[in-house]
Amino acid sequence: MHKDSHALTKLQNNADVDMTPMLDIVFILLIFFIVTTSFVKPVAIELNRPLDSPQIDKPVKNALFRIDESNGIYFSGRLIDLEQVATNLAMFAAKYEISSVLITADENSTHNTLMSVMNNIKQYDDYSISLISK
């Protein structure tokens, strides 16, 4: 009996399970599910996004400054101060695309006023300035 029980435990210790067929089945099932799975493409709404900077077509106009004989500065027919030249030009540029700036100076106005107006225009933007004589 002792010999039979010793042989029985030796058989139990050598009982290994071969995992190769089970791994083959697992890989076959994995390949089957990968091949038969239909991937759903997500449905998205097509958007037409605006450009980074929207282009607004503004009418092209000339900005008109006038200096009278007493060195009064007029912009579009309104009397303005010298400090308001850039402000008025900015408001005009918001409505219109400025092609050039026209300055009409009276012959009795001073050169200093004309140069001050031109400097204020150039400080705002580098527009081409045209001088108009009467």
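Predicted model only: the values in this text are computed from it and were never measured. (Residues numbered from 1 in each chain as written. Predicted model: local features only at pLDDT ≥ 70, side-chain atom pairs only at ≥ 80, totals over all residues. Heavy atoms only, no water.)

A few words on the packing of helix H3 (residues 85-95) against helix H4 (residues 111-124). Two elements in contact, H3 and H4, have axes whose closest approach is 9 Å; the angle formed by their N-to-C orientations is 50 degrees. One finds that H3 runs oblique with respect to H4. Where H3 crosses over H4, the two elements pack in a sense that is right-handed. Between H3 and H4, the contacting residues are Val 85, Ala 86, Leu 89, Ala 90 and Ala 93 on the first element and Val 117, Asn 120, Ile 121 and Tyr 124 on the second. Its residues placed into classes, the contact of H3 with H4 shows eight nonpolar, one polar and no charged. (Axes fitted to C-alpha atoms, helices over the stretch in contact; angles between N-to-C directions. Helix = DSSP H or I, 4+ residues; strand = E, 2+ residues; numbered from the N terminus. Parallel < 35°, antiparallel > 145°, perpendicular 65-115°, else oblique. Left-handed = near helix turned anticlockwise from the far one by under 90°. Contact = heavy atoms within 4.5 Å. Nonpolar A, V, L, I, M, F, W, Y, C, P; charged D, E, K, R; others polar.)

The next thing to look at is the sheet that holds strand S4 (residues 97-105). Across a sheet, strands are paired by hydrogen bonds formed along the backbone, either parallel or antiparallel in direction. Strands sit in the order S3-S2-S1-S4-S5 across an open sheet of five strands; the sheet is mixed. Since the sheet does not close on itself, it has two edges, and those belong to strand S3 (78-80) and strand S5 (129-132), each with one partner. Across the sheet, the axes of successive neighbouring strands diverge by a mean angle of 30 degrees, strand direction being ignored. As paired elements, strand S2 (residues 73-75) and S3 share three bridges and run antiparallel to each other. Among the inter-strand pairings, Phe 75 is bridged to a residue of S3, identified as Arg 78. Across the sheet, H3 touches strand S1 (60-67), S2, S3 and S4, and the angle it forms with S1 is around 160 degrees. Across the sheet, H4 lies against S1, S2, S4 and S5, angled at about 170 degrees from S4, the strand it touches most. (Pairing = 2+ DSSP bridges.)

Turning to H3, a few remarks are in order. All of the buried residues along H3 are Val 85, Asn 88, Leu 89, Phe 92 and Ala 93. The buried residues of H3 all sit within an arc of 140 degrees when viewed along its axis, so they share a single face. Turned more than 90 degrees away from the buried face of H3, the exposed residues are Met 91 and Ala 94. The secondary structure elements touched by the buried residues of H3 are S1, S2, S3, S4 and H4. (Buried < 20%, exposed > 50% of the residue type's maximum accessible area, 1.4 Å probe, protein only. Arc of directions from axis to C-beta.)

It is worth spelling out the packing of aromatic side chains at this point. The full count for this structure, using the stated rule, is five aromatic pairs. Aromatic side chains Phe 65 and Phe 75 sit 4.6 Å apart centroid to centroid with 40 degrees between the ring planes, which places their arrangement in the tilted category. Here the residue Phe 65 occupies a position in strand S1, and Phe 75 occupies one in strand S2, the gap between them amounting to ten residues. Judged on exposure class, the residue Phe 65 and its partner Phe 75 are both buried. An aromatic cluster is built from Phe 65, Phe 75, Phe 92 and Tyr 96, whose rings are joined through pairwise contacts. (Phe/Tyr/Trp six-rings, centres within 6.5 Å; stacked < 30°, edge-to-face > 60°.)

In this section: a nonpolar patch on the surface. There is a patch of nonpolar side chains on the surface, built from Val 17, Met 19, Met 22, Leu 23, Val 26, Phe 27, Leu 30 and Ile 34 and spanning about 790 Å² of accessible area. Tracing the chain through its elements places Met 22 in helix H2 (residues 20-36). By relative accessible area, Met 22 is classed as partly exposed at 46%. (Patch = residues over 30% accessible without salt bridge, like charges linked within 9 Å, V, L, I, M, F, W, Y side chains within 5 Å. Areas by Shrake-Rupley, 256 points an atom, 1.4 Å probe, with all protein chains shown as cover. Salt bridge = Lys/Arg side-chain N within 4 Å of Asp/Glu carboxyl O.)

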